[in-house]
Structure formats: structure tokens, C-alpha cells
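# What the coordinates show
Chain by chain, the residues run as shown.
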Amino acid sequence: DTGVSQDPRHKITKRGQNVTFRCDPISEHNRLYWYRQTLGQGPEFLTYFQNEAQLEKSRLLSDRFSAERPKGSFSTLEIQRTEQGDSAMYLCASSYRDRGTEAFFGQGTRLTVV
Amino acid sequence: AQKVTQAQTEISVVEKEDVTLDCVYETRDTTYYLFWYKQPPSGELVFLIRRNSFDEQNEISGRYSWNFQKSTSSFNFTITASQVVDSAVYFCALSEAAMGRQLTFGSGTQLTVLP
């Protein structure tokens, strides 16, 4: 068990560019979550998957954001036409549905839009 | 709607002092879960504890203890004999049973333990 892995750890992009982040959850976990954390704030829920199905999306997830989890394993979060307001830490977490509700988090991807 | 309030933005203590981090929550559900996470400078959120709404027993784990009181909607966290390595941001979080188990976080408390 290597924990939740996120790639890249840091991303700097120009406004208007598209970016994609990857999350590899703990292998036996069937739930995967994406959160966004801005400086000085707690993480805010974006979306979650149970296996390959995306079951819930937050109002924070605008049309420029899309997430996938093909085959119920790793997940990707894509942001199209990035804006400066998208600068944040993007955190991925995973949990096992039937064994309690604690989620284990990755180290996050810090996005800076310039 | 659910909400978690951590009124203490920053706390500084000297090593070996005890410190309590406050957490107040709001929810309409009768079944819910409360959590504490630690976020060191490296950025990874580290799970510390989970409590469900039906279990009001206080819990102690080493230097950490938690006090859950439904009457005041509070779930406070105490570190006894603090150490420099305890310096981090601590988040309290709530998960409602009907919400797919995603977490609603408070804004966090930055704890600095001075040597």
C-alpha cells in the first residue's frame, strides 16, 4: 500500500491553457474524491466517483472542469481554458465504501495560473 | 446545509504546553461523522480520528484526546504536552450520511509549537 499518489506535484500554466492532473488511489479503494484548497482555507469538495461512476459534482465544478475515472482505477481532472482563479491545491482522496468513511489524501497538485 | 466552524485561526504555544483546538459543526442529519485531519507543511492531509454521531465517548490516543459533545455541537481536540512536530494546520470535518461521504471542512487552525 503506497498511499494516494498525485501527479504532477506542481504545475505552472498560462491563462487559457488546458491542464490535466492524475490521481492514483489506494488500490482496493472504490471511492475517489477531488477537492480544491485555496490558501488559508479548508479543502472544498469538487466531485466523487464510486468505481467508474461519477456520482456527485459540486457547484464549484464549472463547465471548464471535467473528471474521469476509467475502469474505476486512476482518475484525471482536466481544467480547460484556465483562469487565474483556478490557482489552488487540488487534492485527491480515496476511501473504501464498506469499511468506514475516513478518506486518505494524496499530497496534492499545486496549480499556479499566470 | 452542513457547516464546520473553527474560530481559532492561529494558536502559538510553547513546547510541553497543552492546547485545545475548537470545532463547532452544524447539520440537519441525525447520522453523521466527524473527523480531524492534520496538514503539515508538506501539504498531505493526515487522518487523525473519526467519530460517528451515536458515539459520544471521548477518546484518547497517546498525547491526543477528543471531546465530542452533541449538546453543544462541538468536537474539540486537545494535544497534551505539545511538541514542535505538532506544528501544522489542523482541520475539523463533517460528513453527512446522506451526502456520499464527502467531507465538509472547517477553515483550519494553524498551530505553532515553539521550542
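Residues numbered from 1 in each chain as written. Chains lettered and ligands numbered in written order. Predicted model: local features only at pLDDT ≥ 70, side-chain atom pairs only at ≥ 80, totals over all residues. Heavy atoms only, no water.

## Brief notes about the overall build of chain B
To be explicit about the condition: For helices the rule is a DSSP run of H or I covering at least 4 residues; for strands it is a run of E covering at least 2, with both sets numbered from the N terminus onward. Atoms counted for the radius of gyration: C-alpha only. Globule rule: 2.2 Å times the number of residues to the power 0.38. The buried label applies to any residue whose accessible area, calculated with a 1.4 Å probe on protein chains only, is under 20% of its type's maximum; exposed applies above 50%, and partly exposed to all values in between. Contact between two residues is taken to exist if any of their heavy atoms lie within 4.5 Å; hydrogens are not considered. We get accessible surface area from the Shrake-Rupley algorithm with a probe of 1.4 Å; when it comes to residues, only the shown protein chains can shield them. Neither His nor the chain termini are counted; the positive set is Lys and Arg, and the negative set is Asp and Glu. By convention, the charge on Lys lies at NZ, on Arg at CZ, on Asp at CG and on Glu at CD.
Looking only at helices and strands, one finds zero helices and 12 strands in chain B. Along chain B, from the amino end to the carboxyl end, the secondary structure elements read β-β-β-β-β-β-β-β-β-β-β-β. Rg of the C-alpha trace for chain B: 14 Å, near the compact-globule value of 13 Å for 115 residues, within the 12% margin. Here the C-alpha coordinates of chain B stretch approximately 45 × 30 × 20 Å along the principal axes. Per-residue burial for chain B yields a buried fraction of 45% across its 115 residues. Relative to all contacts within chain B whose residues are 6 or more apart in sequence, the contacts with residues 24 or more apart total 56%. Accessible area of chain B: about 5400 Å², with a carbon and sulfur share of 49%. Across chain B, 9 positive and 13 negative side-chain charges occur, with their mean positions spaced 5 Å apart.

## Regarding the layout of surface pockets
Counted only if it meets this: Here the term cavity refers to a set of points on a 1 Å grid, laid over the protein atoms alone, in which a 1.4 Å probe fits but cannot get out; the term pocket refers to an open set having protein on both sides within 12 Å along at least five of seven lines, with lining residues being those that place an atom within 4 Å of a point. Grid points are joined across faces, edges and corners, and a volume is the space filled by probe spheres set on the points. Each residue receives one of three labels: charged for Asp, Glu, Lys and Arg, nonpolar for Ala, Val, Leu, Ile, Met, Phe, Trp, Tyr, Cys and Pro, and polar for the others, Gly being one of them.
Space inside the largest pocket adds up to approximately 540 Å³. Lining the largest pocket are 22 residues, and of these F45, S58 and R59 of chain A together with Q2 and T104 of chain B sit closest to its centre. For the lining of the largest pocket, the elements supplying multiple residues, two or more each, are β5 (44–50) and β6 (53–57) of chain A together with β1 (3–5) and β11 (104–105) of chain B. In terms of residue class, the lining of the largest pocket is made up of eight nonpolar, nine polar and five charged. By volume, the second largest pocket amounts to about 430 Å³. Taken together, 25 residues form the lining of the second largest pocket, with Q37, L39 and G40 of chain A together with Q39 and V89 of chain B sitting closest to its centre. Put simply, the parts of the chain that give the lining of the second largest pocket at least two residues each are β9 (88–95) of chain A together with β10 (88–96) and β12 (109–114) of chain B. The greatest single-element share of the lining of the second largest pocket, amounting to three residues, is contributed by β10 of chain B.

## Let's talk about the interface of chain B and chain A
The line we're drawing: Buried area counts how much accessible surface, traced with a 1.4 Å probe, disappears from two parts once they are put together, with both parts' losses summed. Salt bridge, as applied in this entry: a Lys or Arg side-chain nitrogen positioned within 4 Å of an Asp or Glu carboxyl oxygen. Whenever two N or O atoms come within 3.5 Å, that pair is a polar contact, provided that in protein one can donate a hydrogen and the other can accept it, and provided that, for residues adjacent in sequence, both atoms are side-chain atoms.
Counting residues at the interface gives 19 residues for chain B and 20 residues for chain A. Taken together, both faces of the contact between chain B and chain A bury some 1700 Å²; the carbon and sulfur share is 52%. Linking chain B to chain A there are one salt bridge. The closest approach of N and O atoms between R50 of chain B and E102 of chain A, which form a salt bridge, is 2.7 Å. Where chain B meets chain A, there are five residue pairs in polar contact (both at pLDDT 80 or more).

## Here's the deal with the nonpolar core
Our working definition: To form a nonpolar core, buried Ala, Val, Leu, Ile, Met, Phe, Trp, Tyr and Cys residues must be joined to one another through side-chain atoms within 4.5 Å.
Counting 23 residues, the largest nonpolar core has W36, F75, F77, Y90 and L111 of chain B as its most contacted members. Contributions of two or more residues to this core are made by β2 (10–14), β3 (19–21), β5 (32–39), β8 (64–69), β9 (74–79), β10 and β12 of chain B. Among the elements that take part in this core, β10 of chain B stands out by supplying four residues, more than any other. Excluding residues within four positions of it along the chain, Y90 of chain B makes contact with Q6, L21, W36, Y37, K38, L48, Y64, F77, I79, G108, T109 and L111 of chain B. Counting 19 residues, the second largest nonpolar core, distinct from the first, contains L46, F49, F65 and A67 of chain A.

## Quick look at the sheet that holds strand β7 (residues 65–68) of chain A
Residues and elements named next belong to chain A. Quick note on the threshold: Two strands pair under a simple rule: DSSP has to find at least two bridges between them. Note on geometry: axes are lines fitted to C-alpha atoms, helical ones only across the stretch in contact, with angles between N-to-C directions running from 0 to 180 degrees.
Reading across from one edge, β1-β3-β8-β7 is the order of the four strands in this open sheet, with antiparallel pairing throughout. Single-partner strands in this sheet number two, and they are β1 (5–7) and β7. Put simply, the sheet's adjacent strands are angled 15 degrees from each other on average, direction ignored.

## Thoughts on the environment of E10 of chain B
Secondary-structure assignment places E10 of chain B in strand β2. As a C-alpha pair, E10 of chain B and Y37 of chain B span 27 residues in sequence and 16 Å in three-dimensional space.

## Description of the pairing of β7 of chain A
Residue and element names in this part refer to chain A. Every second residue of β7 is oriented toward a common face, the buried set being F65 and A67 and the non-buried set S66 and E68. Both β7 and strand β8 (residues 75–79) contribute to a ladder of four bridges, which runs antiparallel. Bridging across to β8, A67 finds its partner in L77. The antiparallel hairpin formed by β7 and β8 contains six residues in its connecting segment, where K71 sits at a positive phi of about 60 degrees.

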